[in-house]
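Okay, here's what each chain looks like letter by letter:
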Amino acid sequence: MMNVVGFLFVPLLLAPGVLTLERAEHDYYKYHPMEKISTWMTQMEKDHPDVVTIVDYGKTYENRTISLLRIGLKSEAKKKAIWMDCGIHAREWIAPAFCQYFVRQILQTYKTDAKMEAMMTNMDFYVTPVLNIDGYMYSWKDISTRLWRKNRSPGPSGGCYGTDLNRNFDANWGTVGVSSDCSSNIYCGRGPISEPEAQAVTYFVGSRKEDFLCFLTIHSYGQLLLVPYGHPNFTAPNYEELMNVGKGAAEAIWKVHGKNYTVGTSPDVLYANSGSSRDWARMQDIPLTFTFELRDNGTYGFELPEDQIQPTCEEAYHGALHIITYAHDKTFSGAAAAAAATLWTMLLAVGVSGANLL
Amino acid sequence: MELRGAMVLVVLMGTTWSLSVTTIRPETVSMDAVARPDMAEENTEQTEAAAAEEAEEDVMATGELNPNHYPAQRAAKVVQHYLNTRHGSPYRLFGLKQVHSGNAEDVADSGRKYQLEISVHEIISNTTEKCSAEVYFPRGEKQLPPQVQVSSLVELPKTDVEAKEGELYQEYRTNKTLRTEKRLPDSYGHMDPEMTPFWHLGIVASSFIMLSESTENTLYNVAQVANITQLTTENDQLKFDCHVLLHDMVSQEIPQWKLLFTWSPAEGVKVLQTEKLPHVHECEKHPKTN
């Protein structure tokens, strides 16, 4: 009798809906260790097969694969791109949390929001949830490692570990806001892009730099939106534009939960520095490059309580979206309107000259 | 007639054209770069106009300050630490909310003085208050602590705070003892709500160190109260031993300190002893991790 009942249960359990309910939903408002983030990435690709692709683009010092999610709708036309990376600095746990939230958000939004659908048709989003994987995993190891910042490559002489990846890019490398002492938290490495993690970004983005409209690198803490350059003697050619777009983003952030984010160059609002990924990206002619420093202002610092993940992600999402939308509209709507206007003018000229002939 | 028809056709075509276009290879070079063709080659090259601006900026570090820029912000942070040493308690803790205006001037060769209008945020009651402050950073071979004066800070309503402080004081003077409590907050930003007042006390005590260690080239916050233990006393003060991890935003380092301090509602926090712990080097602790 029991066997018959058992047989009846089996097909019930195998019914698709039931099994989906059994799988635990990814909690976007908790911090996750690297294994869980990797599993989540695989799941995102599975759940959205035509839209999400995992791209492996490098290796960490400890030989782990660095991956991103490429997110976009299929299009015949040549697509432009948006870059977002999180977790260059290991202890800034809110940053990887934001990348996961951002991915979830755009995947939910495009189905019902025509604007997001258009953006995902015209552009691909390249999102790296954790860039400094070795460092991030190290910060999960135990109490004494939680505040680790750098990667995990050994120093030139025995005894010190880690290079500050955000001082290692080939952008005025080693000039200001760095240390040549390997035990320093702002040690810039043996040379520009000496670190495999920085190399991975450099080669991937560098080989496609004409495609990228926007390069966003996510950090914490301080509630800042930083524009290039970190070196006080250099000004970005589109500084005014960067400041205007940044201020628009800060306003969008403020509207969500009333948090103030300050906009400016690093040497103005924080400190001078060199070798940052943002500066390198701007030097590749990627026009809109920003560093996001998320919550808070120092009360909890790097150990931001999990109950602040949701509001932080919500406000940062609106800030990022402002920049991304600007980048998109400048390239697509604007160009299309200009093309239409050109055609109109042309045909009008033909029409007028035609009328004259009549 | 024919021309009008042709124009209508053109308009229709134009509309269709813009709808069907999804991508056109855009101008990636910005207007600024076009205006200054030399910059298109090497966009890190500085124009003369920008150079003049930058030189002006250096001079601007004295005189009227941009309230959002780092010189005013760092000086204002010192005011936060000062307020916490004076008024901080298990139920009162200040954060810097905003800098409204700032002014800096050199004082002979001996140092620099900042005058600031700021808003401070009392974190626990979630109230904001404006105040004026002066911060003097002495210059010299030996690093001396900055001097702070605060004026026009209205006394924040006390009743609630006084009652809670009294309760906590009585509880831990007679009934309970805080055995070592670790990691306030933990890696996830959490702590046992009963321990929150001791996290606040750890921050207040740390403020004495952050105040005395501050210069124009530092920006301190408390990263974590690594542990805090209550010790016995012969007098009517509560006495604590704690180990704190500070974060200096400018160097990005995590200086570690041990502190011995007392607290009572009447006396506030008084620091008895401090000890800076040496920077822990990797080779002493961790081999390469897998």
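Residues numbered from 1 in each chain as written. Chains lettered and ligands numbered in written order. Predicted model: local features only at pLDDT ≥ 70, side-chain atom pairs only at ≥ 80, totals over all residues. Heavy atoms only, no water.

This brings us to the overall build of chain B. When helices and strands are tallied, chain B shows eight helices and ten strands. Here chain B holds 290 residues, and the buried ones make up 44% of them. In chain B, of all internal contacts separated by at least 6 residues, the share reaching a separation of at least 24 is 54%. Summing over all exposed atoms, chain B offers an accessible surface of approximately 15,800 Å²; the carbon and sulfur share of this is 50%. (Helix = DSSP H or I, 4+ residues; strand = E, 2+ residues; numbered from the N terminus. Buried < 20%, exposed > 50% of the residue type's maximum accessible area, 1.4 Å probe, protein only. Contact = heavy atoms within 4.5 Å. Areas by Shrake-Rupley, 256 points an atom, 1.4 Å probe, with all protein chains shown as cover.)

This paragraph deals with the overall build of chain A. Helix and strand counts for chain A stand at twelve helices and eight strands. Looking at chain A residue by residue over its 358 residues, the buried ones come to 61%. Nonlocal contacts in chain A, meaning residues at least 24 apart in sequence, comprise 75% of its contacts between residues at least 6 apart. With the model as given, the accessible surface of chain A reaches about 13,800 Å², and the carbon-plus-sulfur share is 58%.

A word on the packing of helix α5 (residues 70-87) of chain B against helix α7 (residues 196-213) of chain B. Relative placement of two packed helices is described by the angle separating their axes and the distance separating the axes. All names here are of chain B. Direction vectors running N to C along α5 and α7 enclose 135°, while the axes themselves pass 8 Å from each other. In terms of orientation, α5 lies oblique with respect to α7. Handedness of the crossing formed by α5 with α7: left-handed. On the side of α5, the interface is formed by Val-78, His-81, Tyr-82, Asn-84 and Thr-85, while α7 contributes Val-204, Ser-207, Phe-208, Met-210 and Leu-211. (Axes fitted to C-alpha atoms, helices over the stretch in contact; angles between N-to-C directions. Parallel < 35°, antiparallel > 145°, perpendicular 65-115°, else oblique. Left-handed = near helix turned anticlockwise from the far one by under 90°.)

Residues and elements named next belong to chain A. Under the UniProt annotation, the feature "active site" (unreviewed entry) is placed at Glu-293. Those residues within four positions of Glu-293 in sequence are excluded, and the remaining contacts are His-219, Ser-220, Tyr-221, Gly-222, Gln-223, Leu-224, Leu-226 and Tyr-261. Of note is the side chain of Glu-293, whose polar atom sits 3.4 Å from the backbone nitrogen of Ser-220. (UniProt positions renumbered as here; feature names shortened; annotations may be inferred. Polar contact = N/O pair within 3.5 Å; in protein donor to acceptor, adjacent residues only side chain to side chain.)

Moving on, we get to the pattern of salt bridges. Residues and elements named next belong to chain A. If you walk through the whole model with that rule in mind, you get 20 salt bridges over all chains. Residue Asp-211 pairs with Lys-78 through a salt bridge whose shortest N-O separation is 2.9 Å. Here Asp-211 is found in the loop between α7 (196-206) and β5 (212-220), whereas its partner Lys-78 is found in the loop between β2 (65-71) and β3 (80-86), with 133 residues between them in sequence. By relative accessible area, which is 17% here, Asp-211 ends up buried. The salt bridge involving Glu-241 is made with Lys-330; its shortest N-O contact spans 2.6 Å. (Salt bridge = Lys/Arg side-chain N within 4 Å of Asp/Glu carboxyl O.)

Residues and elements named next belong to chain B. Ordered by their spatial adjacency, five strands build an open sheet running β1-β2-β3-β4-β5, and the pairing between neighbours is antiparallel. The outermost strands of the open sheet, each flanked by one partner alone, are β1 (63-65) and β5 (147-151). For this sheet, the mean angle separating the axes of adjacent strands, direction not counted, is 20°. The strands touched by α5 within the sheet are β1, β2 (94-107), β3 (111-122), β4 (127-138) and β5, with β2 carrying the most contacts at an inclination of about 120°. (Pairing = 2+ DSSP bridges.)

This part is about the nonpolar core. Counting residues in each nonpolar core, the largest one holds 90 residues, and the members touching the most others are Ile-71, Trp-83, Phe-98, Phe-102, Phe-125, Leu-216 and Ile-324 of chain A. The biggest single contributor to this core is helix α4 (residues 94-109) of chain A, with ten residues. Other than its neighbours up to four places away in sequence, Ile-71 of chain A contacts Val-51, Val-52, Val-103, Ile-106, Leu-107, Met-120, Met-123, Asp-124 and Phe-125 of chain A. Counting 33 residues, the second largest nonpolar core, distinct from the first, contains Val-161, Trp-199, Val-244 and Leu-259 of chain B. (Core = buried A, V, L, I, M, F, W, Y, C linked by side-chain atoms within 4.5 Å.)

On to unusual backbone geometry, then. Residues and elements named next belong to chain A. A cis amide bond links Ser-220 to the next residue, Tyr-221, at an omega of -5°. Positionally, Tyr-221 belongs in the loop between β5 and β6 (224-227). Asp-296 follows Arg-295 through a cis peptide bond whose omega is -5°. On the secondary structure map, Asp-296 appears in the loop between β8 (288-294) and α11 (309-331). Phi at Ile-193 takes a positive value of approximately 40°, unusual for a residue other than glycine. Inspection of the secondary structure assignment puts Ile-193 in the loop between α6 (133-139) and α7.

Residue and element names in this part refer to chain A. Here β5 lies mainly inside the structure; nine of its nine residues are buried. Pairing of β3 with β5, which is carried by six bridges, proceeds in the parallel orientation. Residue pairing across strands places Cys-86 opposite Ile-218, the latter belonging to β5. Alignment of β5 against β8, held across seven bridges, turns out to be parallel. Within the sheet, the bridge partner assigned to Ser-220 lies in β8 and is Leu-294.

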